[in-house]
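The lines below spell out each chain.
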Amino acid sequence: MIDPWTFSSTVDYENIMNQFGIKKFEDIKDNIKDLSLLMRRGIIFGHRDFNLIQERIDKNKNFICITGMMPSGKMHIGHKMIVDQLKWYFKHGGNIFISIADMEAYATREKSFEEGKEIAINEYLVNYLALGLDLTHKNVNVYLQSRSKPLNDLAFKLSKKVNLSQMKAIYGFENTTSVAHLYVPLIQVADILLPQTKDFCSPQPTVVPVGIDQDPHIRLTRDIAIKFKDEFGFIAPGSTYHRFITGLTNAKMSSSKPKTAIFLNDSPKVAEKKVKTAKTGGRESLKEQKKLGGRPDKCVVYELLLYHLIDDDKKLEEVYKKCKAGTLLCGECKQMTAIKIRDLLEDLAIKRDGKREIAENILD
Ligand code: TRP
Ligand code: SF4
């Protein structure tokens, strides 16, 4: 069982894929034109029905890409991955939907709706804009769950065909689980299916880019989509799954643990320092590292480069090789990475300027 609310990142991806029938992204990679960095590098490792999206892109036809964010804490660099993916889908003609899961934050993270909205604006929307996703474009739709009447109406309708034993089987809910928490997955199911209703895009292939922790919601949604196929004509939504970036201390990167994460709103100086104190795949001593080489596959600093900081595959490969050969040492490597992080955050800080008002207007 996967519990989306207490998920830890020490996961056996392979095992989960086999258990739940997630397909390897690797196997369809060659058919995709203009592979994104995350796809090329195997960070997106799994999918369901991505071929439907692929066909739409190839034929220049519309499709839906939907995601959601829980406004419960700070936005960290791991969350940037979603924005990178949204930008890719936008570029390839997707209708983008972004749900701000304030109902989920209320039900599961003790956040009031006012707090949820403020976090959504200040942490997420402003950074999404700064990262270059045009939230004001007509093909991008951003909304607060609690404020969307069509969403709530759809969730209620869909809830008719789900029963308690199914919810327990998927999520492991117990007798002490609040009814709000019990209902929250239905809101997410509605997030994913709402774009296919006739007041929005009507039925279209849909992709939901998520971390594996969200797969229970995807399974529930696909099941419900089929149950309501006659009434709404839903096409069962597909999905992609990305690996989680490791936290700086080797634990999960988490908004609630500042030492594990680089926050997009961190000052560039602080972020630089965080990189310099991060756990690496280096050896005990310099001598040993020169002899045996480093371990980039076990290195958080390397992950930062891999996920976010080096676009050029050749340059990245160079780092990898030099690390393994023991010719690049961790001090120098951290220094280079710290500068890249600093530059990224400095650039974002400049681009955030003036975005708050735009973000506020989007939600009004
Ligand atoms: N549950 C998701 C999270 O914890 C947020 C979310 C809400 C979502 N609605 C969604 C994700 C729809 C994907 C699609 O981050
Ligand atoms: Fe990590 Fe760089 Fe050290 Fe290699 S040299 S282990 S990539 S910090």
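Definitions and cut-offs
Residues numbered from 1 in each chain as written. Chains lettered and ligands numbered in written order. Predicted model: local features only at pLDDT ≥ 70, side-chain atom pairs only at ≥ 80, totals over all residues. Heavy atoms only, no water. Core = buried A, V, L, I, M, F, W, Y, C linked by side-chain atoms within 4.5 Å. Buried < 20%, exposed > 50% of the residue type's maximum accessible area, 1.4 Å probe, protein only. Helix = DSSP H or I, 4+ residues; strand = E, 2+ residues; numbered from the N terminus. Domains from an automatic or database assignment. Contact = heavy atoms within 4.5 Å. Near = heavy atom within 4 Å. Polar contact = N/O pair within 3.5 Å; in protein donor to acceptor, adjacent residues only side chain to side chain. Areas by Shrake-Rupley, 256 points an atom, 1.4 Å probe, with all protein chains shown as cover. Pairing = 2+ DSSP bridges. Axes fitted to C-alpha atoms, helices over the stretch in contact; angles between N-to-C directions. Nonpolar A, V, L, I, M, F, W, Y, C, P; charged D, E, K, R; others polar. Arc of directions from axis to C-beta. Buried area = accessible area lost by both parts, 1.4 Å probe. Salt bridge = Lys/Arg side-chain N within 4 Å of Asp/Glu carboxyl O.

## Notes on the nonpolar core
Then, number 1: Counting 73 residues, the largest nonpolar core has Phe50, Tyr89, Ile98, Tyr128, Leu135, Val142 and Ile262 as the members making the most contacts within it.
Then, number 2: With nine residues, the single largest contributor to this core is helix α6 (residues 113-130).
Then, number 3: Looking at which domains feed residues into this core, each of domain 1 (13-245) and domain 2 (266-352) gives three or more.
Then, number 4: Among all residues touching Ile98, those that are not within four sequence positions of it are Thr67, Met69, Leu86, Tyr128, Leu133, Leu135, Val140, Asn141, Val142 and Tyr143.
Then, number 5: Among the nonpolar cores identified, the runner-up in size contains 43 residues, and Tyr13, Ile64, Ala105 and Leu151 belong to it.

## A closer look at the site of ligand 1
Then, number 1: As a matter of local geometry, ligand 1 sits amid Thr67, Gly68, Met69, Met70, Ala101, Glu104, Gln145, Gln188, Asp191, Ile192, Val208 and Gln214.
Then, number 2: Taking Glu104, its side chain carries an N or O atom lying 2.8 Å from a nitrogen atom of ligand 1.
Then, number 3: Between ligand 1 and the protein, one listed contact pairs a nitrogen atom with a side-chain N or O atom of Asp191 at 2.8 Å.
Then, number 4: Expressed as a share of its isolated accessible area of 370 Å², the protein-covered part of ligand 1 is 89%.
Then, number 5: Looking at the shell around ligand 1, the elements that each hand over two or more residues are β3 (63-69) and α9 (179-193).

## Section: the pairing of strand β7 (residues 238-242)
Then, number 1: When you tally the buried positions in β7, you get five out of five residues, the bulk of the element.
Then, number 2: Residues Gly238, Thr240 and His242 line one face of β7 and the alternating positions Ser239 and Tyr241 line the opposite face, and both faces are buried.
Then, number 3: Sheet topology note: the strand β2 (residues 44-48)/β7 ladder contains four bridges and is antiparallel. When the sheet's bridge partners are listed, Ile44 is paired in β7 with His242.
Then, number 4: By the bridge criterion, five bridges tie strand β6 (residues 206-211) to β7 in an arrangement that is parallel.

## Side note on the sheet that holds β2
Then, number 1: The strand order across the open sheet built from seven strands is β1-β2-β7-β6-β3-β4-β5, with neighbouring strands paired in mixed fashion. The open sheet is flanked by β1 (23-24) and β5 (140-144), the only strands paired with a single partner.
Then, number 2: Lying over the sheet, helix α1 (residues 13-20) contacts β1 and β2, oriented at roughly 5° with respect to β2.

## Focus on the site of ligand 2
Then, number 1: Near ligand 2 you find Thr280, Gly281, Gly282, Cys299, Val301, Tyr302, Cys323, Leu328, Leu329, Cys330 and Cys333, and these make up its full shell.
Then, number 2: Mapped onto the shell around ligand 2, the elements with two or more residues apiece are α14 (300-309) and α16 (330-352).
Then, number 3: Along the lines of polarity and charge, the residues of the shell around ligand 2 split into eight nonpolar, three polar and no charged.

## Focus: helix α17 (residues 355-363)
Then, number 1: Within α17 the residues assigned to the buried category are Ala359, Ile362 and Leu363. Buried positions in α17, seen along its axis, are confined to an arc of 90° and lie on one side of it. Seen from the buried face of α17, the exposed residues on the opposite side, beyond 90 degrees, are Glu357 and Asn361.
Then, number 2: For α17, the secondary structure elements touched by its buried residues are β4 (94-100), α6 and β5.

## With respect to the environment of Lys227
Then, number 1: Here Lys227 shows up in helix α10 (residues 215-227).
Then, number 2: In this structure Lys227 comes out as partly exposed when scored by relative accessible area, which is 36%.
Then, number 3: In this structure, the C-alpha to C-alpha distance between Lys227 and Val162, residues 65 residues apart in sequence, is 9.7 Å.
Then, number 4: Setting aside residues no more than four positions away along its own chain, Lys227 makes contact with Lys161 and Gln166.

## A word on the domain arrangement of the protein
Note on interface size: it is often stated as the accessible area lost on association of the parts.
Then, number 1: With domains assigned, the protein is organised as domain 1 (13-245) and domain 2 (266-352).
Then, number 2: Just the C-alpha atoms count here: the centres of domain 1 and domain 2 sit 31 Å apart.
Then, number 3: Across the contact, 17 residues belong to domain 1 and 16 residues belong to domain 2.
Then, number 4: For the pair domain 1 and domain 2, the summed buried area comes to about 1400 Å², and 61% of that belongs to carbon and sulfur atoms.
Then, number 5: The largest contributions to the domain 1 side of the interface with domain 2 come from Arg41, Ile77 and Ile245, which together make up 40% of the buried area.
Then, number 6: Seen at the junction of domain 1 and domain 2, the total is two salt bridges.
Then, number 7: Note that Arg41 and Asp313 form a salt bridge whose closest N and O atoms lie 2.6 Å from each other.
Then, number 8: If you look at where domain 1 meets domain 2, you find ten residue pairs in polar contact (both at pLDDT 80 or more).
Then, number 9: Of the residues belonging to the side of domain 1 that touches domain 2, the class tally is ten nonpolar, two polar and five charged.

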